[in-house]
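# Breakdown of the fold
As a plain string of letters, each chain reads:
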Amino acid sequence: MLRYTLRRLLGAIPTLLLVIVLAFLLVHAAPGGPFDDQRVLPAEIEANIAAAYHLDEPLHQQFLRYLGGVVRGDFGPSYSYRDYTVSELIGRSFPISLQLGVLAILLATTIGVMTGIVAALRQNSPLDKVVMGFAMTGISIPVFVIAPVLVLFFAVKLQWLPASWTGSQGSSRLLLPVVSLALPQIAYVARLTRASLIDVLSSDFIRTARAQGLGTATIIRYHALKPAMLPVLSYMGPAVAAVLTGSVVVEEIFGIPGLGQLFVRGSLNRDYTLVLGVVVFYASLIVALNLIVDLLYGAIDPRIRRR
Amino acid sequence: MKLIRLLLVIVVSLAAISLLVVSCNGSQQPPDGRSILNRALSTEPESLDPQKSRSVQAADVLRDIGEGLVAYSASGELIAAGAVSWDVADDGLTYTFHLRPELRWSNGDPVIAQDFVFGLRRLVDPATAAFYAAELGSVVNAAAIVAGDMSTTELGVEAVDDHTLLVSLVRPTPYLLSLLTHPSTFPVHGGSFEQHGDAFARAGNLLSNGAYVLVEWSPGSIIELHRNPHYWNNENTAIDVVRHHIVTQEMAELNRYRAGELHTTSSVPPDNFAQIKAEYADQLHIAPTLGVYYYGFNLTRPPFKDNPALRQALSMAIDREVLVEKITGRGEAPAYSWVPPGTNNYEPPQLSFADLSQDERNALARSLYKEAGYSDEKPLRFELRYNTSDTQRRIALAVQSMWREILGAEARLVNVEFQVLLDQMREREITEVFRSSWFGDYNDANTFLAIMQSDSAANMPAYTNDHYDTLMATASDQLDLDRRRLYLEEAERDFLADHAVIPLYFYVSKSLVSPEVSGWEDNILNYHYSQHLSLDATE
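What you see is a predicted model, and the numbers here were worked out from it, not measured in a lab. (Residues numbered from 1 in each chain as written. Chains lettered and ligands numbered in written order. Predicted model: local features only at pLDDT ≥ 70, side-chain atom pairs only at ≥ 80, totals over all residues.)

### A short note on the overall build of chain A
Counted only if it meets this: Secondary structure elements are defined from DSSP: runs of H or I of at least 4 residues count as helices, runs of E of at least 2 residues count as strands, and each element is numbered from the N terminus. Counting other C-beta atoms within 10 Å of a residue's C-beta gives its exposure: the residue is buried at 20 or more, exposed at 12 or fewer, and partly exposed in between, where C-beta atoms are placed from the backbone. Residues are scored as being in contact if the C-beta atoms we place from backbone atoms lie within 7 Å.
Looking only at helices and strands, one finds 13 helices and 0 strands in chain A. Starting at the N terminus and walking to the C terminus, you meet the elements of chain A as α-α-α-α-α-α-α-α-α-α-α-α-α. Structurally, chain A occupies a C-alpha span of about 85 × 55 × 30 Å along its principal axes. Looking at chain A as a whole, 41% of its 307 residues qualify as buried. Summarising the internal contacts of chain A: among those between residues at least 6 apart in sequence, 72% fall at separations of at least 24.

Below, the structure written as structure tokens:
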């Protein structure tokens with residue numbers, strides 16, 4: 001397993017390099033530059049700015065300069081946050097996105113799996129239909145509708161919770177953003193769990209277990225849950241990456257200084273270094289998460305391990 | 001069933017955790033009784049380094065943590081700040097500023113004239129790459145230094161002694177004092193810069209000579225300022241802590257205001273404006289500002305090149321009253337001039353058709369349209385470009401239908417991302433009519449008129465008129481403010497007659513201000529220094 005992990009990590013390096021090259025080219029291909037504004041600057045000042053940020057150098061030279069920095073761990077200064085470096089900005093915002101993301105994933109898996117199991121066991125009953133109906137709503141209503149409605153209800157009308165990240169210093173400010181992030185995931189996880197559990201429960205080895213006299217709870221816990229979790233696990237890999245790196249909508253609505261809003265702000269402002277830094281970060285994260293998912297597959301399903 | 005029981009246990013414990021979390025709702029005011037003001041910024045400042053800052057929002061925060069030679073009062077009048085008095089030579093080319101002796105940095109060091117010199121030199125230094133380097137364009141040698149031809153020590157500012165600053169100009173600049181309120185001219189503590197280099201503006205390093213000190217900047221979230229006890233006017237500063245929250249969405253900002261998390265907002269969402277006006281009538285502040293919304297013509301390409309009659313026709317056919325009442329509807333004023341009314345020492349001339357009724361304008365527009373060679377059989381077809389945004393789209397749709405209905409002209413609407421539009425406007429290769437706006441940097445007509453000189457980089461329509469340039473040059477040589485005003489007004493009259501742009505409306509500032517806040521006065525610059533505000537003790 002160690003060799004497999006190392007092989008995967010080494011294989012990730014050319015992937016990341018390709019990502020950097022593509023991102024660099026795309027970001028520079030977008031019309032407009034980081035310092036364009038309504039207030040068009042006199043030519044000498046533009047020249048000074050271009051020189052200070054090395055934007056007047058030919059493109060390949062700028063790329064090599066950037067790559068040299070990356071190898072040393074220096075992702076450059078941000079063009080839109082002129083007092084900060086890219087590493088600092090990512091370092092500040094990722095832990096916040098991480099905290100929210102982890103809580104959201106925990107909430108989503110717990111509630112999602114539980115409701116999925118209940119629905120599978122009570123298949124086609126009214127309970128099943130109600131639960132899956134809720135799941136459908138969670139998937140259909142977009143976050144930018146749910147989140148403001150939650151804010152309006154819980155923060156403005158009832159005043160139980162803060163309306164924004166900065167509206168409170170305590171941990172109550174986590175609740176609404178985490179719930180908003182988790183709701184669509186709960187829905188997907190519930191549906192996936194239900195479908196795959198129904199599938200597993202109809203297989204031969206479960207029938208054998210039942211014939212041996214085992215109760216439903218025991219069957220689910222020891223025999224059915226693990227194989228039923230495989231599709232959920234496949235879904236969770238990219239889902240975790242997406243949630244961890246922050247939903248931009250949730251961050252904008254609650255004013256959370258997370259990674260998602262940093263990325264969008266950087267793109268709109270043509271902040272080349274910031275965008276590249278976040279892209280490289282995302283790419284590394286996805287590579288790592290996919291690796292973890294593959295390793296977990298091996299841990300859960302012995303059929304894969306033996307390969 | 002064991003499973004259902006397990007499920008119930010989990011649900012109950014989740015609910016318990018949530019309740020625990022809800023009860024941990026930290027309070028807004030700390031128990032030590034300090035007053036905290038929560039304000040909103042619509043965009044994150046790009047920098048709090050005074051010479052490197054650029055945006056309006058950065059300037060808003062900088063005005064709290066720094067101070068220049070002069071400043072504005074709560075009602076928008078120029079007042080003495082860092083300088084207690086100043087003398088102007090008879091030829092208007094030399095200003096002598098006498099600094100207030102009790103000026104202090106937040107570490108107790110006195111603020112001296114050399115600190116101002118350091119800041120101003122840094123502003124024109126090409127290595128700083130400052131956006132506002134051209135602010136001091138009329139100071140001796142400034143232009144040459146910016147171009148890299150001279151060293152910064154040649155700049156026409158001199159510290160005669162610790163409390164006297166001499167500024168030498170190449171031409172009389174009547175609005176110089178307004179320029180000196182801008183944060184790019186703020187002083188810099190020389191020792192601090194030596195110690196920290198470019199990082200001198202970070203929270204914790206930044207020394208403040210203003211009412212507040214920068215304590216924390218959490219990018220994307222909040223900028224926190226605490227009282228500066230060494231500020232010369234500290235005893236008149238009421239609020240202890242100022243929190244600038246960065247709120248980019250107008251709806252989210254409104255929700256936060258309604259939840260009591262913000263004392264003031266930076267804007268008001270257009271969608272529920274009527275409801276807000278009804279519900280928060282006494283908290284809503286709408287005031288004129290120095291900003292104009294316009295459609296510009298690309299004068300380097302047909303069909304609008306050398307075709308003033310056609311341009312005038314398009315300008316006349318728009319019912320500006322309908323636009324401001326029905327489309328934007330937040331108290332904006334229709335624009336019949338280029339410079340906004342209320343600008344200091346200025347009476348903007350009006351477009352020639354300002355006094356006609358809309359029906360009369362429509363009739364005249366039709367005849368001009370025909371005169372330009374267009375008709376129903378041969379309609380004018382062109383593109384109207386604007387940046388992707390709901391407001392811009394609504395206005396464009398309204399204007400498109402007006403042009404079609406009154407003239408029969410077919411405008412094709414093209415929306416592009418803001419940066420892309422800027423690029424296209426500058427290149428002038430595909431634009432025909434484009435949407436743009438201009439905001440004044442200081443309270444003087446020059447900030448609007450100067451950009452339409454032929455050599456201005458911000459001259460989007462590429463307007464070139466020698467007579468206009470001459471009038472502007474003559475105006476800038478005048479020492480007598482009333483004579484200067486005449487030249488400026490004449491220049492604007494000339495500009496309006498050429499219809500290089502279609503001014504549509506003048507912007508207004510829109511804010512919600514909590515009844516707990518006192519000292520907020522509407523002014524045309526929309527500057528609201530935190531040191532002028534106070535919170536009622538009853539909250």
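### Side note on the overall build of chain B
Cut-off, in case you're wondering: In this setup the radius of gyration rests on C-alpha atoms only. A globule is expected at 2.2 Å times the number of residues raised to 0.38.
When its secondary structure is counted, chain B shows 16 helices and 18 strands. Computed over the C-alpha atoms, the radius of gyration of chain B is 26 Å, within 12% of the 24 Å expected from 2.2 N^0.38 for a compact globule of 539 residues. Expressed as a percentage of the 539 residues in chain B, the buried residues total 47%. Sequence separation of at least 24 residues holds for 66% of the intrachain contacts in chain B that already meet a minimum separation of 6.

### Quick notes on the environment of L291 of chain A
Counting through the fold element by element, L291 of chain A comes out in helix α12 (residues 272-300). Excluding residues within four positions of it along the chain, L291 of chain A makes contact with T5 and R8 of chain A.

### Section: the sheet that holds strand β14 (residues 410-416) of chain B
Within a beta sheet, neighbouring strands are joined by backbone hydrogen bonds and run either parallel or antiparallel to one another. Residues and elements named next belong to chain B. The condition is simple: By the convention used here, strands pair only if DSSP detects at least 2 bridges between them. Each axis is a line fitted through C-alpha atoms, taken for helices only over the stretch in contact, and angles between the N-to-C directions span 0 to 180 degrees.
Overall, mixed pairing links the 6 strands, which are arranged β12-β16-β11-β15-β13-β14 in an open sheet. Every other strand in the sheet has two partners, leaving β12 (333-334) and β14 as the edge strands with one partner each. Relative to strand β16 (residues 501-512), strand β11 (residues 284-297) runs antiparallel, the two being bridged by 10 bridges. Within β16, the position partnered with Y295 by the bridge is I502. The sheet contacts of helix α12 (residues 390-406) involve β13 (381-387), β14 and β15 (433-439), and relative to β14 the element is tilted by about 170°.

### Description of the sheet that holds strand β6 (residues 157-161) of chain B
All names here are of chain B. The strand order across the open sheet formed by 4 strands is β4-β5-β7-β6, and the pairing between neighbours is antiparallel. Lying at the two open borders of the sheet, with one neighbouring strand each, are β4 (83-88) and β6. The average undirected angle you get between the axes of adjacent strands in this sheet is 20°. Strand direction decides the pairing type here: β4 and strand β5 (residues 94-99), joined by 5 bridges, are antiparallel. What sits directly across from S85, in β5, is H98. On top of the sheet, helix α3 (residues 113-124) reaches β5, β6 and β7 (164-168); it is set at about 170° to β6, its chief contact.

### With respect to the interface of chain A and chain B
As a reminder, the rule being used: Only Asp, Glu, Lys and Arg are considered charged, only Ala, Val, Leu, Ile, Met, Phe, Trp, Tyr, Cys and Pro nonpolar, and every remaining residue, Gly among them, polar.
Between chain A and chain B, the residue contacts involve 56 residues of the former and 50 residues of the latter. At the level of elements, α2 (43-52), α4 (86-121), α6 (143-157), α9 (216-244), α10 (248-254) and α11 (259-268) of chain A are the ones that each hand at least two residues to the side of chain A that touches chain B. Looking at the side of chain A that touches chain B residue by residue, the class counts come to 30 nonpolar, 18 polar and 8 charged.

### Remarks on the nonpolar core
The condition is simple: Buried Ala, Val, Leu, Ile, Met, Phe, Trp, Tyr and Cys residues form a nonpolar core when they are connected through C-beta atoms within 7 Å.
In this structure, A104, V178 and A182 of chain A are the most contacted members of the largest nonpolar core, which totals 157 residues. Among the nonpolar cores identified, the runner-up in size contains 62 residues, and F304, A491, I502 and Y507 of chain B belong to it.

### A few points about unusual backbone geometry
In this structure, the amide linkage connecting P302 of chain B to the following residue, P303 of chain B, adopts the cis form with an omega of 5°. Relative to the elements of secondary structure, P303 of chain B occurs in the loop between β11 and α9 (308-316). Here H54 of chain A, not a glycine, exhibits a phi torsion of approximately 60°, which is positive. The class for H54 of chain A is exposed, based on 12 C-beta atoms found within 10 Å. Of note in this structure, N124 of chain A is not a glycine but carries a positive phi near 65°. With respect to the helices and strands, N124 of chain A occurs in the loop between α4 and α5 (126-140). Using a count of 8 C-beta atoms within 10 Å as the deciding quantity, one classes N124 of chain A as exposed.

### Topic: the packing of α9 of chain B against helix α11 (residues 358-371) of chain B
All names here are of chain B. Defined as follows: When an angle is under 35 degrees it counts as roughly parallel; over 145 it counts as roughly antiparallel; between 65 and 115 it counts as roughly perpendicular; any other value is oblique. The sense of a crossing depends on the near helix, which, turned anticlockwise from the far helix by less than a right angle, makes the crossing left-handed and, turned clockwise, makes it right-handed.
Two elements in contact, α9 and α11, have axes separated by 8 Å at closest approach and are oriented at 150°. The pairing of α9 with α11 is recorded here as roughly antiparallel in orientation. In this structure, α9 crosses over α11, and the sense of that crossing is left-handed. Where α9 approaches α11, its residues A309, L310, Q312, A313 and M316 are matched on the opposing element by R361, L364, A365, L368, Y369 and E371. In terms of residue class, the contact of α9 with α11 is built from 8 nonpolar, 1 polar and 2 charged.

### Overview of the pairing of strand β10 (residues 241-246) of chain B
Residue and element names in this part refer to chain B. Extensive coverage of β10 is indicated by the burial of 5 of its 6 residues. Strand direction decides the pairing type here: strand β1 (residues 36-41) and β10, joined by 6 bridges, are parallel. Each residue of the ladder has a partner; that of L41, found in β10, is I246. Pairing analysis gives 5 bridges linking strand β9 (residues 222-227) to β10, with the strands arranged antiparallel. The partner of I222 across the bridge, within β10, is H245.

### Regarding the pairing of β13 of chain B
All names here are of chain B. Quick reminder of the rule: Note on handedness: a crossover is taken as right-handed if, strands pointing away from the viewer, the path from the first strand over the helix to the second is clockwise.
As defined by bridge partners, β13 adjoins β14 across 7 bridges and the pair is classed as parallel. Bridge pairing links N387 to V416 in β14. Handedness of the crossover joining β13 and β14 through α12 is recorded here as right-handed.

### With respect to the confidence of the model for chain B
When pLDDT is low, close inspection of the predicted coordinates is not appropriate. Residue and element names in this part refer to chain B. Put simply, the rule reads: A score from 0 to 100, pLDDT tells how confident the predictor is in each residue.
Residues at a pLDDT of 70 or more form 94% of chain B, whose mean pLDDT is 89. Confidence drops under a pLDDT of 50 for residues 24-31, and excluding neighbours within four residues, the segment shows 12 contacts in the predicted structure. Taken over the whole predicted complex, pTM reads 0.85, whereas the ipTM for its chain interfaces reads 0.80.

### Looking at α3 of chain B
Residue and element names in this part refer to chain B. Stated precisely, the cut-off is as follows: An expected span of 1.5 Å times one less than the residue number is assigned to each helix.
Relative to the 16 Å expected for 12 residues at 1.5 Å per residue, α3 spans 17 Å between its end C-alpha atoms, a close match to the ideal helical length. Most of α3 sits inside the fold, with 10 of its 12 residues counted as buried. Within α3, burial applies to A113, D115, F116, V117, F118, G119, L120, R122, L123 and V124. Close packing links the buried residues of α3 with β5, α4 (142-146), β6, β7 and α6 (190-196).

### Observations regarding the packing of α5 of chain A against helix α7 (residues 175-201) of chain A
All names here are of chain A. Relative orientation of the contacting elements α5 and α7 amounts to 135°, with a least axis distance of 8 Å. Regarding the angle of α5 to α7, the classification is oblique. Handedness of the α5/α7 crossing: left-handed. Counted together, V131, M132, A135, G138 and I139 of α5 and L183, P184, I186, A187, Y188, A190 and R191 of α7 form the full contact between these two elements. Of the residues assigned to the contact of α5 with α7, the class counts are 10 nonpolar, 1 polar and 1 charged.

### Brief notes about helix α2 (residues 56-65) of chain B
All names here are of chain B. For α2, the buried fraction is high: 9 of the 10 residues fall into the buried class. Among the residues of α2, those classed as buried are Q57, A58, A59, D60, V61, L62, R63, D64 and I65. In this structure, the buried side of α2 is in contact with β1, β8 (212-218), β9 and β10.

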